[in-house]
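So the chains spell out like this:
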Number of protein chains: 2
Amino acid sequence: MENIKSYVQQHKDRFINELIELLKIPSVSADTAYSQDVIDTAEAVKASLSKAGCDIVETCDTPGYPIIYGEKIIDPNLPTVLVYGHYDVQPPDPMELWTSPPFEPVIKTTDIHPEGAIFARGACDDKGQMYMHVKALEYMVQSNTLPCNVKFMIEGEEEVGSASLAWFVERNQEKLKNDVILISDTGMISNQQPSITTGLRGLSYVEVEVTGPNRDLHSGLYGGAVANPINILAKMIASLHDEDNHITIPGFYDKVQELSAEERAEMAKAPFSLEKYKNALNIADVYGEKGYVTNERNSIRPTLDVNGIWGGYQGEGAKTVIASKAFAKISMRLVPNQDWHEITELFTKHFTNIAPAGVTVKVTPHHGGQGYVTPIDSIGYKAANMAYTETFGVPAIPVRSGGSIPIVALFEKELKSKTILMGFGLDSDAIHSPNEHFGIFNYLKGIETIPLFYKYFVELSK
Amino acid sequence: MENIKSYVQQHKDRFINELIELLKIPSVSADTAYSQDVIDTAEAVKASLSKAGCDIVETCDTPGYPIIYGEKIIDPNLPTVLVYGHYDVQPPDPMELWTSPPFEPVIKTTDIHPEGAIFARGACDDKGQMYMHVKALEYMVQSNTLPCNVKFMIEGEEEVGSASLAWFVERNQEKLKNDVILISDTGMISNQQPSITTGLRGLSYVEVEVTGPNRDLHSGLYGGAVANPINILAKMIASLHDEDNHITIPGFYDKVQELSAEERAEMAKAPFSLEKYKNALNIADVYGEKGYVTNERNSIRPTLDVNGIWGGYQGEGAKTVIASKAFAKISMRLVPNQDWHEITELFTKHFTNIAPAGVTVKVTPHHGGQGYVTPIDSIGYKAANMAYTETFGVPAIPVRSGGSIPIVALFEKELKSKTILMGFGLDSDAIHSPNEHFGIFNYLKGIETIPLFYKYFVELSK
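What you are looking at is a predicted structure, and each value in this text was computed from that prediction instead of being measured.

Could you clarify how one ought to interpret the overall build of chain A in this entry?
Counting its secondary structure elements, chain A contains 13 helices and 18 strands. The dimensions of chain A, computed from C-alpha atoms along their principal axes, are 80 × 50 × 45 Å. In chain A, which comprises 462 residues, the share counted as buried stands at 63%. Accessible area of chain A: about 16,800 Å², with a carbon and sulfur share of 51%. For chain A, the separation between the mean place of its 40 positive charges and that of its 59 negative charges on side chains is 1 Å.

Dropping the structure here:
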């Protein structure tokens, strides 16, 4: 497929500029201040799908942000690929750590990206990776090489739990009918070593509020005599792990799928340098559950992390106050067989139980999703591996990821089809962090690899 | 002294309006955004002292905010009273809990203040209480009844540790020479039961920063495998108290002055209703150090409270991030004989020691001060008690307060004189909290009582 290579070379400046325009719109779904921008981004995605060659493109209203649906059906008897992606992005905070503004994309070179990388919120997650599919379609339509039917479903609430997507999928099973779902919203090992994500963790995300006295108090007059909600919250959070970093919520591990010694031995073969890992994060040591190594801790084991905490005086200088309330956002990454509804319930019950008498506790579930494991002997996996092998020169390695794309389990349940996670990002791309970026190499390589997936998927389906 | 009563009645509207004007200036010393306002407040205080009758009034430059010094020396052979107060105020946060804007003073009635109270940041702490002394001077000058010399020293950094005051006092011992120091920056039991604060707790205020990975991380990809600074901070904070709520910092209690059984029995006689206390704060139970009751926990025992905590995502919705850093502001209230420098050092050493290998810890001392106990057989105490007895109809009760006015110990050391704490505020005045207020009754009663202190102090000094 030499044509795609030359097509990419010929159009790469335009491909980059189109993505940059998309990245300029701050589609932060978590913050209602950006709601018009989120909607504007949906419309930009819609226009790009029309332009790339979809025959039908629709803005589908939902209880939340719209879903952009597009399709090009060339023959009902041919297989259908459903491409999923999202046009919303994570909040850019903390703003002060960005070296260039998050919504003013610029290209900078890095050690890992000597050909340059686009720095912007959403560059990799997921505008850049989603847009590779739009450009791959453009190529297949322009070169008349689209070998099957294609549907696009691009949502705007992935970063806040995909509530409307679940609503939409449940109501549109016929419309979304497909033979395989293709998603680029994960990473690969390196630019020399492609990989395919075969497992994802589930997620339960909650917010907790601890209330002590009915107003902020002077810490001198009341200090020592009333429960301080911040101290109590710290104590409650601390108690959620034991000295071996096991999670202490009763029943939390009951349904965890334990891997066999063989499976763990297989995992241990993936290239990994603990020294490089620690150096990249500038930490003296790793930290986690006793009895498991780093690559297990972040993939096959469930976790509990505080994602945000706040309470009392956080300004400059000092304020001697006992806050009335303290808050935290807490997420649990789950592994296959753990049900996120059940875990959310176990957490809520336990967290409420451990509160001392001097405070009251409120737990608000934000969202969640089930974990997922995909088999590596499916046609979809094989087609993806063949595509990577052709463009990278080496076969892809299957890896279990610690991240969550909660809707993958939902797709399997509602649409009865398998998802293939063809990620082109790198761990170092700083997704969800300041200075998120996406390599130009990775972006163009993605556009080049995707049409091969279509080709091999159709060939293997025959 | 019936004249002061009628003078107050005659001028009360003006007294209230003058205080309201002073309260309109947002003199928040902790936040540099208000620095011009702090300076404007200093100038307003200066003008008020001139107008009240001081012969000399100076704006004394310091490394920080200026100190306003005023004096009226009528006869060098007569005793000299040094009045101390502060014109700076606590930050108003959380703003959204104020029922009227903190710097737009309004008079509202409450159950406790049927005659009305002025609602504004600083109404009680300490603009209102400080201004009573200015108006008491005005009366004594106008009525030609000032029986001794008076000096005023009003500072602008009390809420951030009085660093410049210490600097100023050390350099102006002769200028500040006095026979007794008079301060209204504390409370009394109720409007029917005056009290004099005879003990204050010391303070050590620090800020801690826990750093994990060198950037914010995706909690799915890294969760469970690296130390999460918020979880670690929570764990470290939780470990600072044991299950009996004793503080675990090695050496923390070594110098604590323990009260005798007799002294504790004496304290227990002070009127106190645990039910009313809990109801006023809307808490199901009190919480504190095992082996001590509420009124001991908040006065004769040292404490450790988190005054603020923050880290990670605190916005609307959810962000699945592992923050690079987490922060807390922590204050320890100390009791007599605990040295705040030593305690700050013990805290810093311990907090650094308990950090696990995956994080680094920085402890920044903010400020501190020593505790203090004043004898009740001094002339100053007796004069204050006689003054209260005359205006309230009942003698004042000596109480140990849990609050800190760190400079009281400094005054004793540098100026060799005792401080009398004539407070007119109430616990319910919400100082340091939203909706701080000061009763009109309390404000006017203070103006009425202070000249009597001068009278009796001079009589007893003869």
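Help me understand the domain arrangement of chain A, please; the structure alone is not making it clear to me.
The figure often quoted for interface size is the accessible area lost as the parts come together. All names here are of chain A. For chain A, the assigned domains read domain 1 (2-200 + 371-461) and domain 2 (202-257 + 300-369). Averaged C-alpha coordinates put domain 1 and domain 2 at centres separated by 34 Å. The interface is formed by 11 residues belonging to domain 1 together with 8 residues belonging to domain 2. A buried area of about 780 Å², summed over both sides, lies between domain 1 and domain 2, and 55% of it is on carbon and sulfur atoms. Our count for the contact surface shared by domain 1 and domain 2 stands at 0 salt bridges. Seen at the junction of domain 1 and domain 2, the total is 1 residue pair in polar contact (both at pLDDT 80 or more). Residue composition of the side of domain 1 that touches domain 2, by class: 5 nonpolar, 5 polar and 1 charged.

Looking at this structure, how should I read the pattern of salt bridges?
Going through the model one piece at a time under the given rule, you end up with 41 salt bridges over all chains. Between A:Lys72 and A:Asp55 there is a salt bridge, with the nearest N and O atoms lying 3.3 Å from each other. Of the two residues, A:Lys72 is situated in strand β2 (residues 67-72) and A:Asp55 in the loop between α2 (35-52) and β1 (56-60); the sequence distance between them amounts to 17 residues. A relative accessible area of 16% means that A:Lys72 is categorised as buried. The salt bridge involving B:Glu207 is made with B:Lys329; its shortest N-O contact spans 2.9 Å.

Got a minute to help me understand the interface of chain B and chain A in this structure?
Taken residue by residue, the interface counts 92 residues in chain B and 92 residues in chain A. Linking chain B with chain A are 48 residue pairs in polar contact (both at pLDDT 80 or more). By residue number, the principal contributor to the side of chain B that touches chain A is strand β11 (residues 303-312) of chain B, which donates 10 residues. When the residues that make up the side of chain B that touches chain A are grouped by side-chain class, the tally is 37 nonpolar, 36 polar and 19 charged. Pairing between strand β11 (residues 303-312) of chain A and β11(B): 5 bridges, direction antiparallel. Within the sheet, the bridge partner assigned to A:Gly312 lies in β11(B) and is B:Gly308.

Explanation requested: the pairing of strand β7 (residues 180-183) of chain A in the structure shown.
The side chains of a regular strand alternate, first on one face of the sheet and then on the other. All names here are of chain A. Burial along β7 is two-sided: the residues Val-180 and Leu-182 and Ile-181 and Ile-183 are all buried. Pairing of strand β3 (residues 80-86) with β7 involves 4 bridges; the strand directions are parallel. By the bridge assignment for β7, Val-83 is matched with Leu-182. Two elements, β7 and strand β17 (residues 419-421), share 3 bridges in a ladder whose sense is parallel. What sits directly across from Ile-181, in β17, is Thr-419.

How should the packing of α2(A) against helix α3 (residues 127-142) of chain A be read in this particular structure?
Angle between the axes and distance between the axes are the two parameters that describe a pair of packed helices. All names here are of chain A. Following both chains from N to C, one finds α2 and α3 inclined at 20°, their axes separated by 8 Å at the closest point. Classified by the angle their axes make, α2 and α3 are roughly parallel. Across the interface between the two elements, Thr-41, Val-45, Ser-48, Leu-49 and Ala-52 of α2 pack against Lys-127, Met-130, Tyr-131, Val-134, Leu-137, Glu-138 and Val-141 of α3. Its residues placed into classes, the contact of α2 with α3 shows 8 nonpolar, 2 polar and 2 charged.

Looking at this model, I keep getting lost on the packing of helix α6 (residues 229-238) of chain A against helix α6 (residues 229-238) of chain B. Mind explaining?
Where α6(A) meets α6(B), the axes come as close as 8 Å, and the angle between the chain directions of the two elements is 110°. When the axes of α6(A) and α6(B) are compared, the pair comes out roughly perpendicular. In the packing of α6(A) onto α6(B), the handedness of the crossing is left-handed. Note on element contacts: α6(B) touches α6(A) through B:Asn231, B:Ala234, B:Lys235, B:Ile237 and B:Ala238, opposite A:Asn231, A:Ala234, A:Lys235, A:Ile237 and A:Ala238. Residues belonging to the contact of α6(A) with α6(B) are distributed by class as follows: 6 nonpolar, 2 polar and 2 charged.

Would you mind showing me how to read the environment of B:Asp13 here?
Structurally, B:Asp13 is set in helix α1 (residues 2-23). Once the C-alpha coordinates of B:Asp13 and B:Glu96 are considered, the two residues, 83 residues apart in sequence, prove to be 30 Å apart.

Got a minute to help me understand α6(A) in this structure?
Turn by turn, an α-helix covers 3.6 residues, leaving residues three or four places apart pointing in a common direction. Within α6(A), 9 of the 10 residues are buried, leaving the element largely enclosed by the surrounding structure. Among the residues making up α6(A), those that are buried are A:Pro229, A:Ile230, A:Asn231, A:Ile232, A:Leu233, A:Ala234, A:Met236, A:Ile237 and A:Ala238.

Is there a simple way to explain the sheet that holds strand β4 (residues 106-108) of chain B in this structure?
Whether parallel or antiparallel, the strands of a sheet pair through hydrogen bonds between backbone atoms. Residue and element names in this part refer to chain B. The 3 strands are arranged β4-β5-β18 in an open sheet whose pairing can be described as antiparallel. Two strands lie at the open edges of the sheet, namely β4 and β18 (437-439), each paired on one side alone. Strand-to-strand twist across the sheet, computed as the mean angle between neighbouring axes with direction ignored, equals 30°. Two elements, β4 and strand β5 (residues 117-119), share 3 bridges in a ladder whose sense is antiparallel. Residue pairing across strands places Val-106 opposite Phe-119, the latter belonging to β5. Along the sheet face, helix α13 (residues 440-461) touches β4, β5 and β18 and points at about 60° away from the line of β18.

How do you make sense of the packing of aromatic side chains when you look at a structure like this?
All names here are of chain A. Evaluated as defined, the whole model comprises 30 aromatic pairs over all chains. An aromatic cluster is built from Tyr-388, Phe-392, Phe-424 and Phe-441, whose rings are joined through pairwise contacts. One cation-aromatic arrangement involves Lys-175 over Tyr-69; the distance from NZ or CZ to the ring centre is 4.8 Å.

Even after reading the chapter, I still don't get the relation of the copies chain B and chain A, so can you show me in this structure?
Two copies of one chain are present, and they are related through a rotation about an axis combined with an axial shift. Superposing chain B onto chain A takes a rotation of 180° combined with a translation of 0.0 Å along the rotation axis, leaving an RMSD of 0.0 Å. Such a turn and shift between the copies fits a two-fold axis.

So what exactly am I meant to see when it comes to helix α4 (residues 163-171) of chain B here?
Of all the residues in α4(B), the buried ones are B:Ser164, B:Leu165, B:Phe168 and B:Val169. An end-on view of α4(B) places all buried positions within 130° of arc, on one side of the element.

Honestly, unusual backbone geometry in this entry has me stumped. Any pointers?
Negative phi is the rule for most residues except glycine; trans is the rule for most peptide bonds. A cis amide bond links A:Asp125 to the next residue, A:Asp126, at an omega of 0°. Mapped onto the elements of the fold, A:Asp126 is located in the loop between β5 (117-119) and α3. The backbone of B:Asn245 sits at a positive phi, close to 65°, despite the residue not being glycine. As for its placement among the helices and strands, B:Asn245 is situated in the loop between α6 and α7 (261-267). The class for B:Asn245 is buried, based on a relative accessible area of 14%.

Cut-off values and rules
- Residues numbered from 1 in each chain as written.
- Chains lettered and ligands numbered in written order.
- Predicted model: local features only at pLDDT ≥ 70, side-chain atom pairs only at ≥ 80, totals over all residues.
- Heavy atoms only, no water.
- Helix = DSSP H or I, 4+ residues; strand = E, 2+ residues; numbered from the N terminus.
- Buried < 20%, exposed > 50% of the residue type's maximum accessible area, 1.4 Å probe, protein only.
- Areas by Shrake-Rupley, 256 points an atom, 1.4 Å probe, with all protein chains shown as cover.
- Lys, Arg positive; Asp, Glu negative; His and termini not counted.
- Charge placed at Lys NZ, Arg CZ, Asp CG, Glu CD.
- Domains from an automatic or database assignment.
- Contact = heavy atoms within 4.5 Å.
- Buried area = accessible area lost by both parts, 1.4 Å probe.
- Salt bridge = Lys/Arg side-chain N within 4 Å of Asp/Glu carboxyl O.
- Polar contact = N/O pair within 3.5 Å; in protein donor to acceptor, adjacent residues only side chain to side chain.
- Nonpolar A, V, L, I, M, F, W, Y, C, P; charged D, E, K, R; others polar.
- Pairing = 2+ DSSP bridges.
- Axes fitted to C-alpha atoms, helices over the stretch in contact; angles between N-to-C directions.
- Parallel < 35°, antiparallel > 145°, perpendicular 65-115°, else oblique.
- Left-handed = near helix turned anticlockwise from the far one by under 90°.
- Phe/Tyr/Trp six-rings, centres within 6.5 Å; stacked < 30°, edge-to-face > 60°.
- Lys NZ or Arg CZ within 6 Å of the ring centre and 35° of its normal.
- Least-squares fit on C-alpha atoms with pLDDT ≥ 70 in both.
- Arc of directions from axis to C-beta.

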